[in-house]
Amino acid sequence: MLEVDLGAGVRAGFTTRAGGVSPHPWDSLNLGLGVRDDAARVRENRARAAGWLGRTAHFATQVHGTGVAVVGTAGDADAGTGPADTVGEADGLVGVDGAGVGVLVADCVPVLLADVPARVVGAVHAGRRGLAAGVVPAVVRAMVRAGADPARVRAVVGPSACGACYEVPATMRDEVAATRPAAWSTTSWGTAALDLPAGVAADLAACGVGDVRRTGVCTLEDERFYSHRRAARSGTTTGRFAGLVALGP
Ligand SMILES: [Zn+2]
């Protein structure tokens with residue numbers, strides 16, 4: 001786990017590949033369904049992640065959009081059945097009543113947020129399309145509707161493809177940078193790139209989020225984390241790691 005500090009009483013962090021039951025090429029703590037890993041293994045891995053979080057970890061079916069689901073703790077205590085695999089299609093989750101929420105990634109940007117006094121937490125899946133469509137402000141707005149004050153919110157931008165690695169066609173860079181200029185970047189080898197973590201951080205600041213932090217970890221460079229692009233280069237598939245956040249009891 002790469003643990004992060006989102007305030008007193010908040011459990012938050014990013015899982016690594018380590019500590020799960022899935023074999024190669026998902027080795028080993030794959031938390032993503034729909035990447036051809038066995039669902040029973042993924043559920044066991046998710047139970048291990050929830051053990052670290054101290055809560056059920058709710059996940060959405062991510063579709064690169066701007067939909068946000070609000071999750072409470074109803075159903076968390078259902079004995080024996082375990083949590084549902086998904087709360088439905090969404091790219092942002094807001095947790096209230098102490099609910100734990102998570103985001104699944106392998107190069108896209110995971111964002112975790114918390115307003116401790118309001119007891120509201122959030123998780124965002126921000127890839128290129130979601131960032132450009134406005135998923136970050138959509139989640140902040142949903143947190144505000146749940147009682148959060150952006151000035152009080154602490155956010156962390158998690159491990160993701162960095163602006164020196166995430167090569168894209170120049171036309172794509174121009175399209176995204178037209179609305180998210182902070183994302184304009186160049187690879188370390190001089191070609192067009194997008195800096196999605198910088199774009200996300202700029203969106204958070206524009207929403208008035210008072211405390212924006214970055215892990216600075218690049219998934220393409222740090223093999224502790226799953227990377228879709230690194231796997232594709234070697235002709236294989238890979239798993240998904242998670243950002244997880246919950247308030248303590
Ligand atoms: Zn990088």
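Residue numbers run consecutively from 1 along every chain, following the written order of its sequence. It should be noted that, the model being predicted, local features are given only for residues of pLDDT at least 70 and side-chain atom pairs only at 80 or more, the latter also being counted only at that level, while totals for whole chains, interfaces and linings use all residues. Side-chain measures here rest on the full set of heavy atoms in the structure, leaving out hydrogens and waters.

Asks: Just checking my understanding: could you explain the environment of Thr 219 for this structure?
Replies: Here Thr 219 lies in the loop between strand 12 (211-214) and helix 6 (228-233). Separated by 180 residues in the primary sequence, Thr 219 and Ala 39 have C-alpha atoms spaced 24 Å apart. Every residue pair with non-hydrogen atoms within 4.5 Å of one another is taken to be in contact. In this structure, Thr 219 is in contact with Asp 107, Pro 159, Ser 160, Ala 161, Phe 225, Tyr 226, Ser 227, Arg 230 and Phe 241, ignoring residues within four places of it in sequence. For Thr 219, the side chain forms a polar contact with the side chain of Asp 107, separated by 2.7 Å. Strands are runs of DSSP state E lasting at least two residues, helices are runs of H or I lasting at least four, and both sets are numbered from the N terminus onward. Here a polar contact means two N or O atoms within 3.5 Å. Within protein one must be a hydrogen donor candidate and the other an acceptor candidate, and residues neighboring in sequence count only if both atoms are side-chain atoms.

Asks: Can you help me understand the environment of Val 168 in this one?
Replies: Among the structural elements, Val 168 can be located in the loop between strand 9 (154-157) and helix 4 (170-179). Separated by 33 residues in sequence, Val 168 and Val 135 place their C-alpha atoms 20 Å apart. Once residues within four sequence positions are removed from consideration, Val 168 is found in contact with Arg 173, Ala 192, Ala 193, Leu 194 and Arg 229.

Asks: What is the right way to look at the sheet that holds strand 12 in this model?
Replies: Backbone-to-backbone hydrogen bonds pair the strands of a sheet. The strands run either parallel or antiparallel. One open sheet holds the six strands; their spatial order is 4-5-8-7-9-12, and the pairing between them is mixed. If you trace the sheet from one side to the other, it starts and ends with strand 4 (68-71) and strand 12, each paired once. Within the sheet, the average angular offset between the axes of one strand and its neighbour, ignoring direction, is 15°. Note: strand 4 against strand 5 (residues 92-95), four bridges, orientation parallel. Note that in strand 5 the partner of Val 70 across the bridge is Val 94. Strands in contact with helix 3 (residues 135-145) are strand 4, strand 5, strand 7 (109-115) and strand 8 (120-126); relative to strand 8, the strand with the most contacts, it is inclined by about 165°. Being paired, for any two strands, means DSSP has found at least two bridges between them. The convention used is that axes are lines fitted to C-alpha atoms, helices contributing only their stretch in contact, and that angles between N-to-C directions extend from 0 to 180 degrees.

Asks: Any chance you could explain the nonpolar core here in plain terms?
Replies: Side chains of a nonpolar character, in soluble globular proteins, are inclined to be buried together. In this text, buried Ala, Val, Leu, Ile, Met, Phe, Trp, Tyr and Cys residues form a nonpolar core when linked through side-chain atoms within 4.5 Å. Residue burial is assigned from relative accessible area. The probe radius is 1.4 Å, only protein chains are included, and a residue is buried under 20% of its type maximum, exposed over 50%, and partly exposed in between. If you look at the biggest cluster of nonpolar residues, it comprises 32 residues, and the most contacted ones within it are Leu 113, Val 124, Met 143, Val 200 and Leu 204. With six residues, the top contributor of residues to this core is helix 3. Those residues in contact with Leu 204 that sit more than four places away from it in its chain are Val 111, Leu 113, Val 136, Val 140, Ala 155, Val 157, Val 209 and Val 212. Counting residues in each nonpolar core, the second largest holds 26 residues, with Ala 12, Val 71, Val 103 and Tyr 226 among its members.

Asks: For this particular structure, what's the right way to read the packing of aromatic side chains?
Replies: Both the distance between ring centres and the angle between the ring planes are used here to describe each pair of aromatic rings. Centres within 6.5 Å are what make two rings of Phe, Tyr or Trp a pair, Trp counting through its six-membered ring; a difference in plane orientation under 30 degrees is then read as stacked, over 60 as edge-to-face, and the rest as tilted. Inspection of every chain in the model, using the stated rule, returns one aromatic pair. Geometrically, a charge over a ring is one whose NZ (Lys) or CZ (Arg) sits within 6 Å of the ring centre while staying within 35 degrees of the ring normal. Above the face of the Trp 52 ring, Arg 11 is positioned so that its terminal group lies 4.3 Å from the ring centre.

Asks: Hey, could you run me through the coordination of the zinc ion in this one?
Replies: Note on metal sites: the ideal angle is 109.5 degrees for four tetrahedral donors, and 90 or 180 degrees for six octahedral donors. Any N, O or S atom lying within 2.8 Å of the metal counts as a donor, with the limit raised to 3.2 Å for Na, K and Ca; because water is left out of the atom set, some sites can appear incomplete. On the protein side, the zinc ion has Cys 162 (SG), Cys 165 (SG), Cys 218 (SG) and Glu 221 (OE) as donor atoms, found 1.9 to 2.3 Å from it. Taken together, the four donor atoms coordinating the zinc ion span angles of 100 to 116° at the metal, a pattern that classifies the geometry as tetrahedral. Taken in chain order, the donor set of the zinc ion reads C-x2-C-x52-C-x2-E. A relative accessible area of 7% means that Cys 218 is categorised as buried. Using a relative accessible area of 54% as the deciding quantity, one classes Glu 221 as exposed. Sites are called tetrahedral only when four donors show all angles between 85 and 135 degrees, square planar or octahedral only when four or six donors show opposite pairs over 155 degrees and all other angles between 65 and 115, and irregular in any remaining case.

Asks: Honestly, the sheet that holds strand 2 (residues 10-14) in this entry has me stumped. Any pointers?
Replies: In space, the five strands of this open sheet follow the order 1-2-13-6-3, with mixed pairing throughout. One side of each edge strand has no neighbouring strand; the edge strands of this open sheet are strand 1 (2-3) and strand 3 (57-58). Note that strand 2 and strand 13 (residues 241-247) share five bridges and pair antiparallel. Note that in strand 13 the partner of Val 10 across the bridge is Leu 247. Lying over the sheet, helix 1 (residues 39-53) contacts strand 1, strand 2, strand 3, strand 6 (100-105) and strand 13, oriented at roughly 35° with respect to strand 13.

Asks: Could you clarify how one ought to interpret the side chain of Asp 115 in this entry?
Replies: Position of Asp 115 relative to the elements: it lies in strand 7. For Asp 115, a relative accessible area of 0% gives the class buried.

Asks: For this particular structure, what's the right way to read the pattern of salt bridges?
Replies: If charged atoms from side chains of opposite charge come close, those side chains can pair. For this analysis, a salt bridge means a side-chain nitrogen from Lys or Arg found within 4 Å of a carboxyl oxygen belonging to Asp or Glu. A full pass over the atoms with the stated rule returns twelve salt bridges. A salt bridge links Arg 48 to Glu 44; the shortest N-O distance between them is 2.8 Å. With a gap of four residues between them, Arg 48 and Glu 44 both fall in helix 1, about one helical turn apart. Relative accessible area serves as the criterion here: at 34%, Glu 44 is assigned to the partly exposed category.

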